[in-house]
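A look at the structure
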Amino acid sequence: MRVLVTRPEPDSQATGGRLRALGHDVVRDPLLVIEPLPEAVLPAGRFDAVVLTSVNGARALAERPELMTLRGLPLYAVGWRTAAAAPPGFARQVVAGGNGAALAALLRAELAPRSCVLHVCGEERAVDLGAELAADGHDVGLFTVYRARAAGHLLPATEAAIRGRQIDAAFHFSPRTAATLVGLATQAGLAEHCAGFEHLCFSRNVAAPLAHAGWPTRIAAEPTEDGLFALLST
């Protein structure tokens, strides 16, 4: 089976290697480029906890000088991959169930009344923690430490593989990469071709732009890379 992987580096390479180890062919085309924001400013004030909602945010935080002032606080991570990428030194690490709703529920259950949370994030966020926690009296400060820049076009090898109907399935890890593929494939006149193979998705939110384009989607039983790999064998 030949699988298209569109997630950013370095995860694209890691997923591609895992696919090849299982005997699959891989077409890698990272449709987002992760760029740190060195000009980001830590919000003023005292925080009761740090929250991470992405692996990219965890990696960016590890390179920030402000990290030293945050160590000693509890860290809440949206899922296990994000927790594994987080820098060490926090008072404790608590892991949610892998999506924004589960994270918000965890924070409501764990935080003391009127807590102040620091959300370390990118310019685009899958969950608005401020809105989710406002009714509970919690404040959320944003520390925006990276941006994800969309590619302007598909790689020539990707176009050739799609045009030649040589793709059997595509892995989709985020709504942004899914929407970017829809846009770039449409721009290249390949939307109809992309309707000819399966699109294996982390979640319903990830699948939404693909389904809207009329492309066949399947959703992992759990929002993990293992969940996507399980779809390949069913």
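Refer to the structure presented above.
**Notes on the overall build of the chain**
Regarding its fold elements, the chain presents eleven helices and eleven strands. With the C-alpha coordinates aligned to their principal axes, the bounding extent of the chain is approximately 55 × 35 × 30 Å. Of the roughly 10900 Å² that the chain leaves accessible, carbon and sulfur atoms contribute 53%. Mean positive and mean negative side-chain charge positions of the chain (21 and 23 charges, respectively) differ by 1 Å.

**Brief notes about the packing of helix α1 (residues 11–21) against helix α11 (residues 225–232)**
Between α1 and α11, the least distance of the axes is 12 Å, while the angle of their chain directions is 35°. For the crossing formed where α1 meets α11, the hand is right-handed. Residues T15, R18 and L19 of α1 pack against E225, D226, F229 and L232 of α11. Here the contact of α1 with α11 is built from residues that sort into three nonpolar, one polar and three charged.

**What about the pairing of strand β2 (residues 25–28)?**
Strand direction decides the pairing type here: strand β1 (residues 2–5) and β2, joined by four bridges, are parallel. The residue bridging V3 from the neighbouring strand is V26, located in β2. What joins β1 to β2 is α1, and the crossover it makes is right-handed.

**Points about the nonpolar core**
Residues L19, F171, L228 and L232 are the most contacted members of the largest nonpolar core, which totals 35 residues. Of all the secondary-structure elements, those providing two or more residues to this core are β1, β2, α7 (156–163), β9 (169–172), α8 (175–187), β10 (198–201), α10 (204–212) and α11. At five residues, the largest contribution of residues to this core is made by α8. Every residue in contact with L232, bar those within four places of it in the chain, is listed here: M1, V3, L19, H24, A169, F171 and L200. Counting 20 residues, the second largest nonpolar core, distinct from the first, contains L61, L67, V145 and Y146.

**Let's talk about the packing of aromatic side chains**
Within the structure shown, the criterion is met by three aromatic pairs. Between F171 and F173 the ring centres are 6.2 Å apart and the planes differ by 75°, which places this aromatic pair in the edge-to-face class. Among the residues examined, F171 registers a relative accessible area of 0% and is labelled buried. Ring centres of F171 and F229 lie 5.3 Å apart, and the angle between their planes is 70°; this geometry places the pair in the edge-to-face category.

**Quick look at the sheet that holds strand β11 (residues 217–219)**
An order of β2-β1-β9-β10-β11 is seen for the five strands of this open sheet, with the pairing classed as parallel. The open sheet is flanked by β2 and β11, the only strands paired with a single partner. Taking each pair of neighbouring strands and ignoring which way they run, the sheet shows an average axis angle of 25°. In the packing of α10 onto the sheet, the strands contacted are β9, β10 and β11, and the crossing angle to β11 comes to about 175°.

**A short note on the state of the cysteines**
Using the criterion set out here, one finds zero disulfides in the structure. C121 forms no disulfide, and the closest cysteine sulfur to it belongs to C116, at a distance of 14 Å. Free cysteine C201: the closest other cysteine sulfur is in C194, separated by 13 Å.

**A few points about helix α5 (residues 100–110)**
Turning to α5, its buried residues are G100, L103, A104, L106 and L107. Buried residues of α5 fall within an arc of 160° about the axis and therefore sit on the same side. Seen from the open side of α5, the exposed residues pointing more than 90 degrees away from its buried face are A101 and A109. On its buried face, α5 is in contact with β4 (49–52), β5 (74–77), β6 (92–95) and α6 (129–134). Regarding α5, its N-cap is N99, as a side-chain oxygen of that residue lies 3.3 Å from the backbone nitrogen of A101 further along.

What counts, and where the lines are drawn
Residues numbered from 1 in each chain as written. Predicted model: local features only at pLDDT ≥ 70, side-chain atom pairs only at ≥ 80, totals over all residues. Heavy atoms only, no water. Helix = DSSP H or I, 4+ residues; strand = E, 2+ residues; numbered from the N terminus. Areas by Shrake-Rupley, 256 points an atom, 1.4 Å probe, with all protein chains shown as cover. Lys, Arg positive; Asp, Glu negative; His and termini not counted. Charge placed at Lys NZ, Arg CZ, Asp CG, Glu CD. Axes fitted to C-alpha atoms, helices over the stretch in contact; angles between N-to-C directions. Left-handed = near helix turned anticlockwise from the far one by under 90°. Contact = heavy atoms within 4.5 Å. Nonpolar A, V, L, I, M, F, W, Y, C, P; charged D, E, K, R; others polar. Pairing = 2+ DSSP bridges. Right-handed = clockwise from strand over helix to strand, strands pointing away. Core = buried A, V, L, I, M, F, W, Y, C linked by side-chain atoms within 4.5 Å. Buried < 20%, exposed > 50% of the residue type's maximum accessible area, 1.4 Å probe, protein only. Phe/Tyr/Trp six-rings, centres within 6.5 Å; stacked < 30°, edge-to-face > 60°. Disulfide = S-S within 2.5 Å. Arc of directions from axis to C-beta. Polar contact = N/O pair within 3.5 Å; in protein donor to acceptor, adjacent residues only side chain to side chain.

Purely geometric stuff here, so don't read any function into it on its own.
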